[in-house]
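Residue-level structure breakdown
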Amino acid sequence: MRQNDRIKRSLIRELVEENLEAIERRPKGSLRRHRRSRKIRLTWWLLSGIVGMTVGALFFFLVLDTGGRLYRQWLGNGPETTQAADDGSVIDTLGEAVLPAGFTRPGPLEPDVIPLAVQLIAIDAGHGGDEEGTITESGLVEKELTLDIAKRLKRLLESASYSVTMTRTRDEAVQLKERSRRANEDRADLFLSIHVNWIGNRTVRGVETYFLGPTDDPHLRELAALENRDSGYSVADYRRLLDTIYTDAKSVESRRLATAVQRSLLVSLRRTTPEISNRGVKCAPFVVLVATEMPAILAEVSCLSNEHEARLLARPAYRQQIARALFEGIRDYCAPPESADSGGGKGKES
Amino acid sequence: MSNEEGDLYIGIDLGTSRSAIATSRGQRHVVESYVGWPLDMVARKVIKRDVLIGREALDNRMMLDLHRPLERGLLKEGSEKDQAAVRQLMSHLLDLAGVREARENGSRVRAVVGVPAEALRVNKEHLREALQGLVDGLIIVSEPFAVAYGLETLLHALVIDVGAGTTDFCMMKGHYPTDEDQRTLPNAGDWVDEQLARLLSERKTEVNVSIHTVRRWKEAWSFVGEQSKPLKVTVPVGGKPTEIDITEEMRLACEGLIAPVAETMIDLVAASETEYQEKVRQNIILAGGSSAIRGFAKRLEEELTEYGGGKIKVVDDPVFAGCDGGLALATDAPGADWEKLSS
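Being a predicted model, the structure only gives us computed values, none of them experimental.

1. Focus: the overall build of chain A
Check the secondary structure of chain A and you find 12 helices and six strands. Burial analysis of chain A (350 residues in total) assigns 39% to the buried set. Once local pairs closer than 6 in sequence are excluded, the contacts in chain A between residues at least 24 apart make up 77%.

Next up, the structure:
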């Protein structure tokens, strides 16, 4: 009974929080966030710049003085911190969730407060070459459909002034590792892998979008914050922190991208095919998502196993509709909330 | 907890087909979710009202611009008329429950409104705008979550809300459900109506009936599995009342729901943590108007057999389960939270 009461209190708290977010028109999960006005964005850019400069300065000191003396003098933090910096214990300690004395544990990172422009989008047409993907009785091949949709999406994105890189542009086999490497090497801002589903129950016709799930290590999330920049971290700690911030941001952003794309696919495809089911936004450890260094999703844009879907997929107009839905999902993700419906435009406000 | 003297708490189920209200002062009402405005001056003169709601609207549909605002579980994008229809529907429900008088007498009215999960995902802001100012505090919640809360099935449970526009699934894991815990299928009551209408038009070519008539038949006699007595209805054929047998068509239309619902149910159970799957299978709740399809819960249980079996409980009162849950949420929410939510 007490457990039920506790759950009820928690549920109501979360429900009220969600409704307050809606009232203030803030994005989901951002209750404590500031509203994303241009002014605050600029402030955060300034703060980010200061943090970056601090990291740069620390790195500079450490490289110049390999024994770390100048660095420690500059910090002037006494023997405990110095010892920690010398033997790397701070790094280990951070990993075990035990923090040094006088150290403030950071709060969770809120990636939305550090808006980043999306300029280059990596499109990955699933399968290719010998790896044909699924094939229907009528001869439709997944690798050809994904490449066709990918090319259509590329044209749409480019006409909206985005830059696009593709992991393959012809019928060739590209290893998953290689796909991620190409996107990473090109320094893409987003990664979208396009696939067409095959489901055992052939009556099913739906869309689903995957992202790499968030880390289940709560400590990593806690570390990813900015408030602790004056606490005496070593450069290595800072680098680790920033890596963690990035990891967390990638995961959150991937989920947000997946949600935007899934929503767009559903809204768009249901206009012509109301039966399309929402198979949801899901976490999955696809290699291609694990190895990419940017927000990455994998969209199953249709079901080749379903006879009606297969018939539709054979039509260029339907493939164009899918490409447009993907484009609109990406555009919605990139657009700041207050202008999400205004169409067009390039990237996030910076 | 927060039920302060003089305040009025209400739970509302704003459904595609029916909308219901329950208040902390014991009022309970249900209306069909139809809103209609007179088509022209003549219609206005005949009807003598600016707007008709519920059954009255349906009965006078020939003279009305008729709206069912949450068709397919969604407020149509950019449709001001549907937004206005939601507001009219809500106002009507509030009037039935005496909310206007309560507010005039100084009571604060705090409402939890349950809507189809898809509408909550897509139309949250439009819904909030449509309901602005009608009450003093407003929480919008997905319908299956409200049902789960009302039944206190908060942990290791799956709620399947088979409504008219959509079938919503909600896994209850002791925390507020995330997107991964919820699914929505377009296969629901309206879909059955469409299937039944299509089958009748294909098989009984001489019969010409409206979707409203088909819906009425479904609500009265829907079933899956065996049917001991044939379903016979009387319809005009060439102007002459004629009895036709619709047993097979009704069975086929209703059984079409089983596969998608069962598959999603099994998918969600399988996606829950292995150690709790047995508990979830034993704790599946079937809610929504279409849960009344005779034999439906049993057939879903049969689908679970090869996965270790399970138990599916149909809510006692599908019409009011959602708004009762909303009312429970409204009364349990702390006063401080309501202050923050005051419109």
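Structure shown, so let's carry the discussion forward.
2. Observations regarding the pairing of strand S5 (residues 277-283) of chain A
Residue and element names in this part refer to chain A. Of all seven residues that make up S5, five are buried, and the element is covered over most of its length. Where strand S4 (residues 206-211) and S5 come together, five bridges link them in parallel fashion. Looking at S5, one finds that Tyr210 is bridged to Lys282.

3. Regarding the confidence of the model for chain A
All names here are of chain A. With 57% of its residues at a pLDDT of 70 or more, chain A has an overall mean of 68. For the stretch residues 214-242, pLDDT sits under 50, and the model shows 57 contacts to residues farther than four places along the chain or on other chains. When the criterion is pLDDT under 50, residues 338-350 qualifies, and its contacts beyond four places in sequence or with other chains add up to 23 contacts.

4. Concerning the sheet that holds strand S6 (residues 64-67) of chain B
Residue and element names in this part refer to chain B. In space, the three strands of this open sheet follow the order S5-S4-S6, with antiparallel pairing throughout. In this open sheet, the two strands that pair with only one neighbour each are strand S5 (52-53) and S6. Pairing of strand S4 (residues 35-38) with S5 involves two bridges; the strand directions are antiparallel. Its bridge partner lying in S5, Gly36 is registered against Leu52.

5. Brief notes about the interface of chain B and chain A
Listed as interface residues are 29 residues of chain B and, on the opposing side, 24 residues of chain A. Put simply, the parts of the chain that give the side of chain B that touches chain A at least two residues each are helix H5 (117-131), strand S8 (137-142), strand S11 (182-185), helix H10 (258-271), helix H13 (321-332) and helix H14 (335-341) of chain B. Looking at the side of chain B that touches chain A, its residues break down into 14 nonpolar, three polar and 12 charged.

6. Comments concerning the sheet that holds strand S2 (residues 18-23) of chain B
All names here are of chain B. An order of S3-S2-S1-S7-S8 is seen for the five strands of this open sheet, with the pairing classed as mixed. Of all the strands in the sheet, the pair left with one neighbour each is strand S3 (28-32) and S8. When strand polarity is set aside, the average angle formed by the axes of neighbouring strands in this sheet is 15 degrees. In this sheet, S2 lies alongside strand S1 (residues 8-14) in antiparallel orientation, the contact comprising five bridges.

7. As for helix H8 (residues 211-221) of chain B
All names here are of chain B. Along H8, the positions that sit buried rather than exposed are Val214, Arg215, Trp217 and Lys218. An end-on view of H8 places all buried positions within 160 degrees of arc, on one side of the element. Exposed and facing more than 90 degrees away from the buried side of H8 are His212 and Ala220. On the buried face of H8, the contacting elements are helix H7 (189-203) and strand S12 (232-237).

8. A few points about H13 of chain B
Residues and elements named next belong to chain B. Between its first and last C-alpha atoms H13 spans 16 Å; for 12 residues at 1.5 Å apiece the expected length is 16 Å, and the two agree. Summarising burial for H13: 10 of the 12 residues are buried, a large majority. For H13, the set of buried residues is Ala321, Gly322, Cys323, Asp324, Gly325, Gly326, Leu327, Ala328, Leu329 and Ala330.

9. Description of the pairing of strand S13 (residues 240-245) of chain B
Residues and elements named next belong to chain B. In terms of residue burial, S13 counts as a barely covered element, since only zero of its six residues are buried. As judged from the six bridges shared by S12 and S13, these two strands associate in the antiparallel manner. From the neighbouring strand, Pro236 faces S13, where its bridge partner is Pro241. Here S12 folds back onto S13, and the loop between the two strands holds two residues, one of which, Gly238, carries a positive phi near 60 degrees.

10. Some details on the packing of H10 of chain B against helix H12 (residues 296-304) of chain B
All names here are of chain B. Where H10 meets H12, the closest approach of the two axes is 10 Å, and the angle between their N-to-C directions is 50 degrees. Accordingly, the angle class assigned to the pair H10 and H12 is oblique. As for the relative orientation of H10 and H12, their crossing is right-handed in sense. Between H10 and H12, the residues in contact are Ile258, Val261, Ala262, Met265 and Ile266 and Arg299, Leu300 and Glu303, respectively. Across the contact of H10 with H12, the residue classes tally to six nonpolar, no polar and two charged.

What counts, and at which threshold
Residues numbered from 1 in each chain as written. Chains lettered and ligands numbered in written order. Predicted model: local features only at pLDDT ≥ 70, side-chain atom pairs only at ≥ 80, totals over all residues. Helix = DSSP H or I, 4+ residues; strand = E, 2+ residues; numbered from the N terminus. Buried ≥ 20, exposed ≤ 12 C-beta atoms within 10 Å, placed from the backbone. Contact = placed C-beta atoms within 7 Å. Pairing = 2+ DSSP bridges. pLDDT = per-residue confidence, 0-100. Nonpolar A, V, L, I, M, F, W, Y, C, P; charged D, E, K, R; others polar. Axes fitted to C-alpha atoms, helices over the stretch in contact; angles between N-to-C directions. Arc of directions from axis to C-beta. Expected span 1.5 Å × (residues − 1). Parallel < 35°, antiparallel > 145°, perpendicular 65-115°, else oblique. Left-handed = near helix turned anticlockwise from the far one by under 90°.

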